[in-house]
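# Residue-level structural notes
Chain residues, written in single-letter form:
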Amino acid sequence: AAVGVALKWHPAELWVGCLSAPFGVYLRVYLARWNAPLSGAYVWQSSTLLEAGEGDDGNDNGNDKKWFPWGTFAANIIASVFDAFMSGAMLQCTTNCEHVLTGLELGLGGSLSTVSTWMADFHLLMNQRHGTVARTRAYWYLISTLFVAASLSIAVYAGMRYGWVERTAS
């Protein structure tokens with residue numbers, strides 16, 4: 001909030017951001033249940049998680065998707081699409097509406113997606129004991145997150161942008 005005041009953001013953006021951020025945090029924590037048990041930070045989260053590397057032989061035979069951090073992936077994709085939707089919605093709203101949508105982007109979208117968790121998962125995948133398989137998996141996770149987030153966000157924003165332009169032109 002202090003950064004927003006320094007940047008002279010509208011108070012409504014800051015209030016909406018502060019009030020909506022806990023919902024993004026809760027959704028992120030809920031989605032973290034889908035994460036694979038990677039070695040390191042994830043081992044302490046629950047006594048039901050496997051020990052590091054247990055149940056994963058390192059062979060990527062198509063059925064072994066326990067290594068993929070689905071929770072972080074889903075949170076980042078949802079946040080990217082949400083931000084694209086909010087940006088698209090700002091094209092057709094008033095100034096007051098724009099403040100609310102910016103606040104939602106700042107709070108809900110910002111707390112739902114975090115680069116630090118994404119990079120922590122990437123780092124943990126890189127340091128698995130499976131060598132080349134681990135590095136391949138890590139880069140697969142990194143690239144697939146970027147590709148899916150960018151593709152869906154562009155599709156949502158472009159659909160809203162060009163859909164509204166055509167409707168308002170007629």
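What you see is a predicted model; the values in this text were computed from it and never measured. (Residues numbered from 1 in each chain as written. Predicted model: local features only at pLDDT ≥ 70, side-chain atom pairs only at ≥ 80, totals over all residues. Heavy atoms only, no water.)

### Description of the packing of helix 2 (residues 11-31) against helix 4 (residues 95-112)
Close contact between helix 2 and helix 4 brings their axes to 6 Å; oriented N to C, the two are set at 30°. By the angle class used here, helix 2 and helix 4 are roughly parallel. The handedness of the crossing between helix 2 and helix 4 is right-handed. Between helix 2 and helix 4, the residues in contact are Ala12, Glu13, Leu14, Val16, Gly17, Ser20, Ala21, Phe23, Gly24, Val25, Leu27 and Arg28 and His99, Val100, Thr102, Gly103, Leu104, Leu106, Gly107, Leu108, Ser111 and Leu112, respectively. Here the residues of the contact of helix 2 with helix 4 are counted per class, giving 12 nonpolar, 8 polar and 2 charged. (Axes fitted to C-alpha atoms, helices over the stretch in contact; angles between N-to-C directions. Helix = DSSP H or I, 4+ residues; strand = E, 2+ residues; numbered from the N terminus. Parallel < 35°, antiparallel > 145°, perpendicular 65-115°, else oblique. Left-handed = near helix turned anticlockwise from the far one by under 90°. Contact = heavy atoms within 4.5 Å. Nonpolar A, V, L, I, M, F, W, Y, C, P; charged D, E, K, R; others polar.)

### Notes on a nonpolar patch on the surface
Where nonpolar side chains cluster on the molecular surface, the patch consists of Tyr26, Leu27, Tyr30 and Ile78 and spans about 390 Å² of accessible area. Per-element accounting of the nonpolar patch gives the leading share, 3 residues, to helix 2. As for its placement among the helices and strands, Tyr26 is situated in helix 2. Given a relative accessible area of 58%, Tyr26 falls into the exposed group. (Patch = residues over 30% accessible without salt bridge, like charges linked within 9 Å, V, L, I, M, F, W, Y side chains within 5 Å. Areas by Shrake-Rupley, 256 points an atom, 1.4 Å probe, with all protein chains shown as cover. Salt bridge = Lys/Arg side-chain N within 4 Å of Asp/Glu carboxyl O. Buried < 20%, exposed > 50% of the residue type's maximum accessible area, 1.4 Å probe, protein only.)

### Description of the packing of aromatic side chains
Taken as a whole and assessed by the stated rule, the structure comprises 6 aromatic pairs. Seen in terms of ring centroids, Phe68 and Tyr141 are 5.3 Å apart; in terms of plane orientation they differ by 85°. Their pairing is edge-to-face. Of this pair, Phe68 sits in the loop between helix 2 and helix 3 (70-89) while Tyr141 sits in helix 6 (residues 132-169); the two residues are 73 residues apart in sequence, bridging distant segments of the chain. Taking the centre distance of 5.9 Å and the plane angle of 90° together, the rings of Trp70 and Phe73 count as edge-to-face. Here the residue Trp70 and the residue Phe73 both occupy positions in helix 3, the gap between them amounting to 3 residues, near one helical turn. On the accessibility criterion, Phe73 (13% relative accessible area) is buried. An aromatic cluster is defined as three or more aromatic residues linked by ring pairs; in this entry it consists of Trp67, Phe68, Trp70, Phe73 and Tyr141. (Phe/Tyr/Trp six-rings, centres within 6.5 Å; stacked < 30°, edge-to-face > 60°.)

### Description of the packing of helix 3 against helix 4
Here helix 3 crosses helix 4 at 170°, and the two axes come no closer than 9 Å. When the axis of helix 3 is compared with that of helix 4, the two are roughly antiparallel. Mapping the contact onto sequence places Ala75, Asn76, Ile78, Ala79, Phe82, Asp83, Met86, Ser87 and Ala89 in helix 3 and Leu101, Leu104, Glu105, Leu108, Gly109 and Leu112 in helix 4. Taken together, the residues of the contact of helix 3 with helix 4 break down into 10 nonpolar, 3 polar and 2 charged.

### A few points about helix 4
The terminal C-alpha atoms of helix 4 lie 25 Å apart, and with 18 residues this matches the ideal 26 Å at 1.5 Å per residue to within 8%. Along helix 4, the residues classified as buried are His99, Leu101, Gly103, Glu105, Gly107, Gly109, Ser111 and Leu112. In the core, the buried residues of helix 4 are packed alongside helix 2 and helix 3. (Expected span 1.5 Å × (residues − 1).)

### Points about the confidence of the model for the chain
With 75% of its residues at a pLDDT of 70 or more, the chain has an overall mean of 78. Ranking the elements of the chain by mean pLDDT puts helix 1 (residues 2-6) last, at 55, and helix 3 first, at 93. Predicted confidence is poor over residues 41-63, with pLDDT under 50, and the contacts of this stretch with residues over four places away or in other chains come to 35 contacts. (pLDDT = per-residue confidence, 0-100.)

### Here's the deal with the environment of Ala89
As for its placement among the helices and strands, Ala89 is situated in helix 3. Note on Ala89: relative accessible area 15%, which makes it buried.

### A closer look at the nonpolar core
Counting 11 residues, the largest nonpolar core is built from Trp67, Phe68, Phe73, Ile77, Trp118, Phe122, Leu125, Ala138, Tyr141, Leu142 and Ala149. Elements represented by at least two residues in this core include exactly helix 3, helix 5 (115-126) and helix 6. In this structure, Ala89, Met90, Leu101 and Met160 belong to the second largest nonpolar core, which totals 6 residues. (Core = buried A, V, L, I, M, F, W, Y, C linked by side-chain atoms within 4.5 Å.)

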